[in-house]
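# Structural characterization, general
Okay, here's what each chain looks like letter by letter:
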Amino acid sequence: MIRYVRRATGGPAPSWPSRRAMLSMTLSGVLALAACGSPGGKAPTTESSGPVSTQLATAPVKLKMYAETGFPLAKALADEFTKQHPNVTFDIREDQFTTIVENAPRVMASADAPDIIRLPTMSDLVKNGLLKNLDPYFTAYGWNKFPASQLVQLRIADGGRPRGTGSLYAMGLGYSVTGVFYNKTLAKKAGMTQPPATVAEFEGLLAKAKSAGVLPIMQFNKNTAGINFPMQALQNQFGDPAQVLDWIFQKPGATYDTPAALKAAQHIKQWAEAGYFPKDANALDYTAMMGQFGKGNGLFMFNGDWESANLAKSMKDDVGFFLFPSETAGGKHVAMSAPNTFGISAKAKNPDVAAFFLNWLHTDPKARDIAVNVGGSNPGGPTDLPVPAVPAGSLLAQTLGASTTVAKENGAVDFTANATGAIFASAITPGIQQLIVGKQTPEGYVKAVQKEYAKELSQ
């Protein structure tokens, strides 16, 4: 049985959001931009904390899991695991992402720390010794069979920075990609016959939709900055994605205050002034956004493949998906992609069982099927395991196809919200909220984000 407690309501923030990497049949090309200097497929050399077991306990075990509100994948996988292994049950606590950001250090430092936790960011948790080093499990389970690029976001050097190299501290529950969902009926009103090939074409569709009396973009921006999705989509295209990754991974000298970020912020300001977002975007939460888009309010919505199953159910064949286009025709696609990251607490009472679960969800056929059909994303794992089949032409087929494209073009970039433990709540969210209502300038916004980033890294 599973005790499932909702501690807060509201939608997720991008991080998987966990919300969420590089979805292809092989995942081999994903995050190549970030993989330079990573340990590749070799087991890390960081000293382990002792011997581990890959044998599942036969005695009753209750795994404590701290998961994110709005994502059914964790519970679905827990249900199936207990079905296959009845001696293991789950005690699941669920919170909004921003609440997890605030609570994670305290919860993980407590005597009742969860075994498995949805990670907001990892650097500070590693620095403070709150996350279990997974190197011993990497060796024991043979995770070197996973594409090295699939795990690069989950590696951290000694001392908590930079990311992208060093020891493994987390695994993914599905590997997600973001893009743009669109309403097919409203697309016809805006004259859209195929997905736009450039940023300019996309902006042309925004203008046409507005002229036709259609809300161009349904996007939330209340508790967490959902408009950071289009902000980063533009930022990724206007500059070198490697610069964005360096900043997220806390590489020395990296900065948010770049021409690409400034240009993206200028476009977001222009879109807001043109009425392309809901007038009440700063009062709209994730759940309300999903409800409004599902009812046909809004041509586009920036979001991730984790919503594929829900949207296909609510909108049937009236919804499609495409990757945000490049700045120039024929350019490579770049998309925010990340695993729905989970780690094991350093104080976990059942770390071996937790690691068994993390390995199982990547390798068990039923678990992989759940990752696709419930989570809407590629299950990851060894390259010799097939991705479960989905109906041709379905929304899931479109999102998985988009993932393949991102992987082949080496265009996966982590979320800027994951750069530090507090950057999303302390700078990005309030900054974008002020930007879209004219209380902040694009120049002021990018400088404020970088100032907060530097402050956090100096602590």
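Below: a short report on this structure. (Residues numbered from 1 in each chain as written. Predicted model: local features only at pLDDT ≥ 70, side-chain atom pairs only at ≥ 80, totals over all residues. Heavy atoms only, no water.)

A few words on the packing of helix H2 (residues 73–84) against helix H15 (residues 365–373). Axis separation between H2 and H15 bottoms out at 10 Å; the angle between their running directions is 160 degrees. Considering the angle they form, H2 stands roughly antiparallel to H15. Relative to H15, H2 is oriented so that their crossing is right-handed. Across the interface between the two elements, Leu-73, Ala-76, Leu-77, Glu-80 and Gln-84 from H2 touch Lys-366, Ala-367, Ile-370 and Ala-371 from H15. (Axes fitted to C-alpha atoms, helices over the stretch in contact; angles between N-to-C directions. Helix = DSSP H or I, 4+ residues; strand = E, 2+ residues; numbered from the N terminus. Parallel < 35°, antiparallel > 145°, perpendicular 65-115°, else oblique. Left-handed = near helix turned anticlockwise from the far one by under 90°. Contact = heavy atoms within 4.5 Å.)

So, on to the environment of Gln-96. Tracing the chain through its elements places Gln-96 in the loop between strand S3 (88–95) and helix H3 (97–109). C-alpha separation for the pair Gln-96 and Ala-67, spaced 29 residues apart in sequence, amounts to 8.6 Å.

The subject of this paragraph is the environment of Pro-51. Mapped onto the fold, Pro-51 is located in the loop between helix H1 (32–35) and strand S2 (61–68). Linking Pro-51 and Ala-140, residues 89 residues apart in sequence, is a C-alpha distance of 9.4 Å.

Here the focus is the side chain of Asn-103. Within the secondary structure layout, Asn-103 lies in helix H3. Under the relative-accessibility criterion, Asn-103 is labelled buried at 12%. A distance of 3.2 Å separates the side chain of Asn-103 from the side chain of Tyr-66, its partner in a polar contact. The contact partners of Asn-103, leaving out residues within four places of it in the chain, are Tyr-66, Arg-93 and Asp-95. (Buried < 20%, exposed > 50% of the residue type's maximum accessible area, 1.4 Å probe, protein only. Polar contact = N/O pair within 3.5 Å; in protein donor to acceptor, adjacent residues only side chain to side chain.)

Quick look at the packing of aromatic side chains now. A full pass over the atoms with the stated rule returns 25 aromatic pairs. When the centroid spacing of 5.3 Å and the interplanar angle of 85 degrees are considered together, the rings of Phe-81 and Phe-357 count as edge-to-face. In this pair, Phe-81 is assigned in helix H2 and Phe-357 in helix H14 (residues 351–363), connecting sequence segments 276 residues apart. By the burial criterion, Phe-81 is buried, and Phe-357 matches it. Within the aromatic cluster, the residues linked to one another by ring pairs are Tyr-182, Phe-202, Trp-271, Phe-277, Phe-300, Phe-302, Phe-322 and Phe-324. The residue whose ring lies beneath Arg-93 is Tyr-66, and the NZ or CZ to ring-centre distance is 4.6 Å. Looking at Lys-263, its charged tip hangs above the ring of Phe-238, at a distance of 4.5 Å from the centre. (Phe/Tyr/Trp six-rings, centres within 6.5 Å; stacked < 30°, edge-to-face > 60°. Lys NZ or Arg CZ within 6 Å of the ring centre and 35° of its normal.)

Let's shift gears to the packing of helix H12 (residues 286–294) against helix H13 (residues 308–315). Each pair of packed helices can be described by the angle between their axes along with the distance between the axes. It is the contact of H12 with H13, at a shortest axis distance of 10 Å, that shows an interaxial angle of 40 degrees. In terms of orientation, H12 and H13 fall into the oblique class. The crossing of H12 and H13 is right-handed. Together, Met-290, Phe-293 and Gly-294 of H12 and Leu-311, Ser-314 and Met-315 of H13 make up the contact between the two elements. Grouping the amino acids of the contact of H12 with H13 by side-chain chemistry returns four nonpolar, two polar and no charged. (Nonpolar A, V, L, I, M, F, W, Y, C, P; charged D, E, K, R; others polar.)

No statement about biological role is implied by the geometric values presented.
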